[in-house]
Amino acid sequence: MHKKAERLKKVTSIKQAAVSPEVAHRVPPGQTVTERFPILHEGEVPEYDINSWSLRVFGEVEEERTFSFEELLALPQTKTVCDIHCVTRWSKLDTEWEGIKFKDLMQLLKVKPDAQYAMIHADEDYDTNVPLADLLEENVLLAHRFDGEPLTDKHGWPMRLLVPHLYFWKSAKWITGIEFMKEDREGFWERNGFHNYADPFKEQRFSSEENEMPEDEWLKKEFD
Ligand SMILES: Nc1nc2c(c(=O)[nH]1)N[C@H]1C(S)=C(S)[C@@H](COP(=O)(O)O)O[C@H]1N2
Ligand SMILES: [Mo]
């Protein structure tokens, strides 16, 4: 098991902070609401020349495609307001994003009918698997703006995935590719002790039930 899952499972959780009754139903079990925006990732923040950045679409497709940043910006743009939930126990409500709806992008691709899953590839050496059905939900975006501004480097500039209904490690920052797959395969955290599907309302944090996530894990991280 990866050392993060190993370390986290040793610590027992503390009691959940109070939230107002109007929003309580939107906060998954074991989460604390924050107004801040924690920054979490493995490795360094990558740097890009936007003119040479591209997103590669491959795997179970009739033809591979590569999109430049400019080409993605020329597609219809969608804004969404949603809640996000990190497995380290912070949730942020009413976050505003803008980008390309995954469902819209799909219409430009010739994805083979037997594709059921996607692996989202990202820098640096990050990947995460998501069922195709989940990627087709209305507020799943390839996002390049947050809160009315371009994404910051640390939050995934130039492009990140946004899958708000799953724990936030599925929302890969600095995406480089989308690989369509017939069969499921585990991504980085999924191989390292975390849950394959990651529904926050079912607390699907880890692949093993003995694991625990401490409530103060995210407080040790960077914010903006
Ligand atoms: N490329 C990449 N994307 C990533 C990660 C990473 O390590 N590399 N970490 C994930 C995790 S664990 C979380 S909680 C979110 C954090 O996004 P944020 O820093 O914008 O809050 O990014 C996810 N996307
Ligand atoms: Mo995370």
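Data block above holds the structure.
A few points on the structure. This one's a predicted model, so the numbers in the text were calculated from it and none came from an experiment. (Residues numbered from 1 in each chain as written. Chains lettered and ligands numbered in written order. Predicted model: local features only at pLDDT ≥ 70, side-chain atom pairs only at ≥ 80, totals over all residues. Heavy atoms only, no water.)

**Structural notes on the site of ligand 1**
Argument step 1. What surrounds ligand 1 is a group of 20 residues, the closest being Pro38, Asp123, His155, Arg160 and Lys173.
Argument step 2. The backbone of Asp123 places a nitrogen or oxygen atom 2.6 Å from a nitrogen atom of ligand 1.
Argument step 3. Contacts to ligand 1 include Arg160, whose side-chain N or O atom sits 2.7 Å from an oxygen atom.
Argument step 4. Protein contacts shield 98% of the accessible area of ligand 1, which totals 530 Å² for the unbound molecule.
Argument step 5. The class makeup of the residues in the shell around ligand 1 is 13 nonpolar, three polar and four charged. (Near = heavy atom within 4 Å. Polar contact = N/O pair within 3.5 Å; in protein donor to acceptor, adjacent residues only side chain to side chain. Areas by Shrake-Rupley, 256 points an atom, 1.4 Å probe, with all protein chains shown as cover. Nonpolar A, V, L, I, M, F, W, Y, C, P; charged D, E, K, R; others polar.)

**Quick look at the nonpolar core**
Argument step 1. Counting 41 residues, the largest nonpolar core has Phe102, Leu135, Leu142 and Phe180 as its most contacted members.
Argument step 2. When contributions to this core are tallied by element, the ones reaching two or more residues are strand 3 (54–59), helix 2 (69–73), helix 3 (102–108), strand 7 (117–122), strand 8 (126–131), helix 4 (132–135), strand 12 (175–181) and helix 5 (188–191).
Argument step 3. Core analysis: the second largest hydrophobic core is formed by 14 residues, Trp97, Leu141, Ala143 and Leu151 among them. (Core = buried A, V, L, I, M, F, W, Y, C linked by side-chain atoms within 4.5 Å. Buried < 20%, exposed > 50% of the residue type's maximum accessible area, 1.4 Å probe, protein only. Helix = DSSP H or I, 4+ residues; strand = E, 2+ residues; numbered from the N terminus.)

**Here's the deal with the pattern of salt bridges**
Argument step 1. Taken as a whole, this structure holds 14 salt bridges when the rule is applied.
Argument step 2. In this structure, Arg26 and Asp83 form a salt bridge, with 2.8 Å as the shortest nitrogen-oxygen distance. Remark: Asp83 occurs in strand 5 (residues 78–85) and Arg26 occurs in the loop between helix 1 (3–9) and strand 1 (32–33); sequence separation between them is 57 residues.
Argument step 3. We classify Arg26 as partly exposed; its relative accessible area is 22%.
Argument step 4. For Asp83, a relative accessible area of 14% corresponds to the buried category.
Argument step 5. Between Asp127 and Arg191 there is a salt bridge, and its shortest N-O distance comes to 3.5 Å. Linking Asp127 in strand 8 with Arg191 in helix 5, this pair joins segments that are 64 residues apart in sequence.
Argument step 6. Each of Arg26, Asp83 and Asp94 takes part in one network of salt bridges that share partners. (Salt bridge = Lys/Arg side-chain N within 4 Å of Asp/Glu carboxyl O.)

The values reported here are purely geometric and, on their own, carry no functional implication.
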